[in-house]
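So the chains spell out like this:
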Amino acid sequence: MKRRTFLGAIAASSTAAALGDESLQKSEPAKAKPMKITLLGTGTPAPSLERQGSGYLFEVGDDVIVMDHGPGAHHRLLECGHRAIDVSHAFFTHLHYDHCMDYGRLVLQRWDQGADRIPDLHVYGPPPIKRMTDLLFGDEGVYGPDIRARIEHRSSIDQFEARGGKAPRKRPAPSVRELHAGDVIQGNGWKVTVGRATHVQPFLECLAFRLDGEDGSVCYTGDSGASDEIVALAKGCDMLIHMNHYFSGTAPSPAYRAACGNHRDNAETAKRAGVKTLVLTHLLAQIDQPRIREQIVHEVQQVFDGKVVWGEDLMQLTLAGSAVGKIEGY
Ligand SMILES: [Zn+2]
């Protein structure tokens with residue numbers, strides 16, 4: 001239900017109370033739980049023990065959605081208390097390896113632990129995500145011999161049955177839909193609108209996602225430089241999660257800036273889109289240090305007057321955000 005519809009339902013319910021109609025009062029729906037966002041991986045392709053490859057977790061209603069699942073993102077998923085079998089949907093913005101390398105781990109661990117007792121994973125991403133899925137999990141795929149051994153060897157069948165499965169075991173079969181800018185995916189209490197990121201086209205199709213839930217909206221741009229399309233996609237969102245790869249003015253070329261953006265570009269994007277909170281992520285170690293970090297946040301705030309968050313792995317956020325209140329004890 002949209003916020004407006006929900007408010008409408010409250011108004012209708014108040015009217016029902018005034019009229020003394022109990023049957024109408026009982027129809028008032030419960031308030032949806034707030035969308036919870038966890039930054040799983042806020043790093044880059046460069047090696048880092050502090051920041052894993054790109055990954056974001058959105059808990060919306062009864063669904064657990066990951067957007068991108070780069071190397072180490074799955075480990076972070078476990079660290080924040082979830083398992084592969086909890087994930088219902090996986091979205092990929094583009095197929096750079098730092099955004100999709102843990103796809104195999106997610107699908108195989110989910111398949112193994114799920115033991116045919118959970119629905120197949122819903123997967124969305126740009127082409128060639130279908131081909132990648134076939135090349136990973138198909139009969140002739142990279143994991144084809146492993147999958148066959150787990151389906152056919154007696155010891156694996158015994159383990160599968162011990163987990164509650166009933167032989168013969170099915171192959172992993174993620175339900176894959178290829179996406180393009182302009183597509184809309186309607187979920188249960190949420191909607192994803194697909195936009196175009198400006199990154200490394202035409203070699204990879206690069207997408208950005210806007211997730212609208214019952215309590216607000218968040219836009220995750222994947223990897224992108226500044227563009228009117230990103231501003232339009234993020235328009236009015238409560239939160240914008242944006243790549244902030246490097247310090248403005250240090251790009252080696254115009255092409256690099258166009259593909260990755262920088263902190264001043266991001267400030268302009270957040271201002272133009274009118275978002276409430278800007279989350280900076282995809283951070284190189286070079287800028288991830290005291291003084292430079294504060295300088296970036298300060299300079300972003302000179303342009304953009306919303307909240308600015310310096311993303312960290314395992315950081316949990318809600319769309320309402322946090323605010324400094326009164327001191328409650330001293
Ligand atoms: Zn990329």
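See the structure shown above.
Residues numbered from 1 in each chain as written. Predicted model: local features only at pLDDT ≥ 70, side-chain atom pairs only at ≥ 80, totals over all residues. Heavy atoms only, no water.

Considering the packing of helix α11 (residues 263-273) against helix α12 (residues 292-303)
Running from N to C, α11 and α12 cross one another at 35°; their axes reach a closest spacing of 9 Å. Handedness of the crossing formed by α11 with α12: right-handed. Every residue of α12 that contacts α11 at His263, Arg264, Ala267, Glu268 and Lys271 is listed here: Ile296, Glu299, Val300 and Val303. Its residues placed into classes, the contact of α11 with α12 shows 4 nonpolar, 1 polar and 4 charged. (Axes fitted to C-alpha atoms, helices over the stretch in contact; angles between N-to-C directions. Helix = DSSP H or I, 4+ residues; strand = E, 2+ residues; numbered from the N terminus. Left-handed = near helix turned anticlockwise from the far one by under 90°. Contact = heavy atoms within 4.5 Å. Nonpolar A, V, L, I, M, F, W, Y, C, P; charged D, E, K, R; others polar.)

Some details on the sheet that holds strand β3 (residues 63-69)
Taken in spatial order, the 7 strands make up an open sheet running β6-β5-β4-β3-β2-β1-β14, and their pairing is mixed. Lying at the two open borders of the sheet, with one neighbouring strand each, are β6 (175-178) and β14 (316-318). Averaged over neighbouring strand pairs, the angle between their axes works out to 20° when direction is ignored. As judged from the 3 bridges shared by β3 and strand β4 (residues 89-91), these two strands associate in the parallel manner. For methionine 67, the partnering residue across the bridge sits in β4 and is phenylalanine 91. Helix-sheet contacts for helix α5 (residues 103-114) involve β3, β4, β5 (122-125) and β6, and the interaxial angle to β3 is about 145°. (Pairing = 2+ DSSP bridges.)

Thoughts on the coordination of the zinc ion
Protein coordination at the zinc ion: the donors are His94 (NE2), His96 (ND1), His199 (NE2) and Asp223 (OD), at 2.2 Å from the metal. With 4 donor atoms in place around the zinc ion and angles of 94 to 162° between them, the coordination shape is irregular. All donors to the zinc ion come from one chain, and their sequence spacing reads H-x1-H-x102-H-x23-D. The partly exposed category is assigned to histidine 96, whose relative accessible area is 27%. (Donors = N, O, S within 2.8 Å, 3.2 Å for Na, K, Ca; no water. Tetrahedral: all angles 85-135°; square planar, octahedral: opposite > 155°, others 65-115°. Buried < 20%, exposed > 50% of the residue type's maximum accessible area, 1.4 Å probe, protein only.)

Here's the deal with the pattern of salt bridges
For the structure shown, the criterion picks out 22 salt bridges. Between glutamate 59 and lysine 36 there is a salt bridge, with its nearest N and O atoms 3.9 Å apart. Residue glutamate 59 is found in strand β2 (residues 55-60), and its partner lysine 36 is found in strand β1 (residues 36-41); the two are separated by 23 residues along the sequence. Between aspartate 238 and lysine 276 there is a salt bridge, with its nearest N and O atoms 3.0 Å apart. Of this pair, aspartate 238 sits in the loop between α9 (228-234) and β11 (239-243) while lysine 276 sits in the loop between α11 and β12 (277-281), placing them 38 residues apart in sequence. Owing to a relative accessible area of 6%, aspartate 238 belongs among the buried residues under this scheme. Via salt bridges that share partners, Arg51, Asp288, Arg293, Glu294 and Glu312 belong to a single interconnected network. (Salt bridge = Lys/Arg side-chain N within 4 Å of Asp/Glu carboxyl O.)

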